[in-house]
2 protein chains.
Amino acid sequence: MSVQAVYMDHAATTGVHPEVLQAMLPYLGPEYGNPSSSHRLGQVARQAVQEARERVAGVLNCQPSEVVFTSCGTESINLAIKGIVKAAGGRGHIITTAIEHHAVLHTVEQLEREGYESTVLPVSSEGLLDPQDVRRAIRPDTRLISVMYANNEIGTVQPVAEVARIGQEAGIPVHSDCVQAAGSLALDVDALGVTSLALSGHKFYAPKGVGVLYLKAGTPVQVQQQGGGQEGGLRSGTENVPYIVGLSVALERAHARREEYNEHCSRLRDKIFERLVTQLPDVRINGHLTQRLANNAHVSFRGVEAQAILMGLDMKNIYASSGSACVSASLEPSHVLKAIGVPQEYIYGSLRLTVGEATTEKQVEYALEHLPPIVRRLQALSPLATT
Amino acid sequence: MSVQAVYMDHAATTGVHPEVLQAMLPYLGPEYGNPSSSHRLGQVARQAVQEARERVAGVLNCQPSEVVFTSCGTESINLAIKGIVKAAGGRGHIITTAIEHHAVLHTVEQLEREGYESTVLPVSSEGLLDPQDVRRAIRPDTRLISVMYANNEIGTVQPVAEVARIGQEAGIPVHSDCVQAAGSLALDVDALGVTSLALSGHKFYAPKGVGVLYLKAGTPVQVQQQGGGQEGGLRSGTENVPYIVGLSVALERAHARREEYNEHCSRLRDKIFERLVTQLPDVRINGHLTQRLANNAHVSFRGVEAQAILMGLDMKNIYASSGSACVSASLEPSHVLKAIGVPQEYIYGSLRLTVGEATTEKQVEYALEHLPPIVRRLQALSPLATT
């Protein structure tokens, strides 16, 4: 990335922070032992994984033995949902929401193909779940409730603690996809009250290819990957020592800087909202104005196509997104925007701008200087736009 | 690892080669894009993954679209076995061997718990499978044959091409765990004739935490991890760009150096065998003498315990193993050694010495200077040893 580039796609991925890379490098170098080896080189690697587990447990306020390292958020989510639901035996029912990441929704769909049933709860036009909807959806055969903490597209923050309380009262495990929340929201599992939660390293300045599943002690779970019995038998496969170390350092670091990060990002985000709303007609803010991640600005412009906006931004070295990176190849409007009822003439012109800890005022100014003319030019060409 | 240390546990894991690390570093640094992002930073990452896929396809002599990147060999194996067997619908039968890695055996056991049946074929006392046993085990409902190419403990090389021919004749897909074979044996999927094969980066100087599944075009497979649809929908989860690049460079490098590597390693291995057999009584070579990996020496000493030998070696900074790293925590004799019928008085005194491309004559001499006295001292204390 050239130094002039303005990266406003932190929700898609972050870069590895230099401090995180430094912590990883010994394990990509001389300390290459297999944690399962009994000799000293193996012991060093085993010790590194154990310390990483303790570091993560410190942030999550759980036992180290409740931390399972995986290869990504998607794997964590698959393991939690399939693992918990299948451990219950027989078939059953799952409750989730319409704005979950595809890692949740497609996993639930796979379970449906296997005979399970699901209730996919709607959210409000502001992208918020009503916890009472969860209570009403509970059936005698409900095996799991899965509700994300923060949405990866529109950034809305869900009432996970309330959902978890409802689950607890009904004796139903509650999983939370916290992939997008990490680094911004508190992840104290006691306060949240969840049975399990999923994290992905690359959302908080660790690399792509490592995740965490917190799994409350005593939770029955069907293992999804069999083999050498690593991770307490819950996730076989030789441990990715460098990334596990990197994730733990990055999580601890992000957790410690959370307040500063939120203050910094929300100031930039609010500037984006304010300027776009005042400078452009026909702009719509997606997601609740305050119940949202500090770094997420999500807007829709009437009568234009996101791809054209993104191309215009790209030519100015501004990197943004129309929604989830995972579906960016598709021209279909996102399921999240459909779920919050973005009107047809706005839905194709949706733009996600997500800032990060290193995003500067100057970069945001630069983006805000170039974005409105691009939108105006496109709207001038559009039969759907009012101007 | 101190410079004086002698690492003879390359079958457990290898270090990341400096050239491989160099190829990875840009993606742990400025080129941190998510391959699914449409902007330029994403395009750079997408291009890197595509080039890596082509590099791997070049070594395997397959189409790039037949290469699936995973998080490890274990995941590749789980996806191949469960994916192929479950795609066939209904229940069915699986053929495998008694000396497979636990990633295969425990996956087959999981399928048995779900109602599938299996035939686990024996091997000869030299650790070799008779392909005719495969032919005889085939049933009308056989869904998959899974035979490893090279054994991870005793290093024996199985007649995979013959097994694949038998599978082809019967119209049954053949999977091969090639994790330990990579870097030493040819992996031309046309010559092997397999339907799928699994690789793990950390066995050939790429990092731990990345694997490959080759899956022949048109093979029906049930996806095991749902989400954003990466890897052609076969393996969701944001791509581990640095490790994917590293694996591809390491595989190409290892493939190009194969002849040199095999010559170098087999010379060291044969020296180990010769010296141990001539210097010690009551030593047994495990696995066929020539139908084995160039870098693998596996021996058993009568009446001693491997742990004591390993501790003695460790004190001399010689790092070895009693068998698979994945089960080194267990005191149970390995299923592989049981399968080849290592006698009771030998089985607990088993030692795996696996050399690598950087292992020197001098290091091997050092190990061979210290190992015999350790074994003799332990045998002198043992009621089971003859000396």
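Please read all numbers here as calculations on a predicted model, not as lab measurements. The residue numbering used here restarts from 1 in each chain and proceeds along that chain's sequence as written. Whichever chain is written first becomes A and whichever ligand is written first becomes 1, with later ones labelled in order. Since the coordinates come from a predicted model, pLDDT governs what is reported: local features require at least 70, and pairs of side-chain atoms require 80 or more to be given and counted, while whole-chain, interface and lining totals use all residues. Here the side-chain values reflect all heavy atoms present in the structure, with hydrogen atoms and water set aside.

### Quick look at the packing of helix α9 (residues 258-279) of chain A against helix α13 (residues 361-381) of chain A
Residue and element names in this part refer to chain A. The test is simple: The axes used here are C-alpha line fits, helices contributing only the stretch in contact, and every angle between their N-to-C directions lies in the interval 0 to 180 degrees. Each helix is a run of H or I in the DSSP string that is no shorter than four residues. Each strand is a run of E no shorter than two, and both are numbered from the N terminus. Any angle between 65 and 115 degrees counts as roughly perpendicular, while under 35 counts as roughly parallel, over 145 as roughly antiparallel, and the rest as oblique. Left-handed describes a crossing in which the near helix is turned anticlockwise from the far one by less than a right angle; the clockwise case is right-handed. Should any heavy atoms of two residues lie within 4.5 Å, those residues are considered in contact. Under the scheme applied, nonpolar residues are Ala, Val, Leu, Ile, Met, Phe, Trp, Tyr, Cys and Pro; charged residues are Asp, Glu, Lys and Arg; polar residues are all the others, including Gly.
Orientation of α9 relative to α13, taken along the N-to-C sense of each, is 25°, at an axis distance of 10 Å. Here α9 lies roughly parallel to α13, going by the angle between them. Along this stretch, α9 crosses α13, giving a crossing that reads as right-handed. Residues Arg267, Leu268, Lys271, Ile272, Arg275, Leu276 and Gln279 of α9 form the contact with α13, whose own contacting residues are Glu361, Val364, Glu365, Leu368, Leu371, Pro372 and Arg376. For the contact of α9 with α13, a count of residues per class yields seven nonpolar, one polar and six charged.

### Some details on the nonpolar core
Rules: We call a set of buried residues a nonpolar core when its members are Ala, Val, Leu, Ile, Met, Phe, Trp, Tyr or Cys and they connect through side-chain atoms within 4.5 Å of each other. Relative accessibility under 20% of the residue-type maximum defines a buried residue, over 50% an exposed one, and the middle range a partly exposed one, all with a 1.4 Å probe and only protein chains included.
Leu60 and Leu199 of chain A together with Leu60 and Leu199 of chain B are the most contacted members of the largest nonpolar core, which totals 136 residues. Membership of the second largest hydrophobic core comes to 30 residues, among which are Tyr261, Leu268, Ile318 and Ala367 of chain A.

### Side note on the domain arrangement of chain A
Residues and elements named next belong to chain A. Put simply, the rule reads: By convention here, the domain bounds are inherited from an automatic or database domain assignment. Note on definitions: buried area is the accessible-area loss of two parts on being combined, 1.4 Å probe, summed for both. What makes a salt bridge here is a side-chain nitrogen of Lys or Arg within 4 Å of a carboxyl oxygen of Asp or Glu, nothing more. Throughout this description, a polar contact denotes any pair of N or O atoms lying within 3.5 Å of each other; where both atoms belong to protein, one of them has to be capable of donating a hydrogen while the other can accept it, and for residues adjacent in sequence the pair is counted only when both atoms sit in side chains.
Looking at chain A, the domain boundaries give domain 1 (6-15 + 258-385) and domain 2 (18-256). Placing a centre on the C-alpha atoms of domain 1 and another on those of domain 2 gives a separation of 28 Å. Residue-level contacts link 32 residues of domain 1 with 35 residues of domain 2. Both faces considered, domain 1 and domain 2 share a buried interface measuring about 2,800 Å² in area, 50% of it formed by carbon and sulfur atoms. The three residues of domain 1 that bury the most area against domain 2 are Arg258, Leu293 and His335, which together make up 26% of that side's buried surface. Run the count over domain 1 and domain 2 and you get one salt bridge. In this structure, Arg253 and Glu357 form a salt bridge, with 2.7 Å as the shortest nitrogen-oxygen distance. Summed over the shared surface of domain 1 and domain 2, the result is 21 residue pairs in polar contact (both at pLDDT 80 or more). Put simply, the parts of the chain that give the side of domain 1 that touches domain 2 at least two residues each are α9, β10 (296-301) and α11 (335-339). The element that contributes the greatest number of residues to the side of domain 1 that touches domain 2 is α11, accounting for four residues. Here the residues of the side of domain 1 that touches domain 2 sort into 11 nonpolar, 16 polar and five charged.

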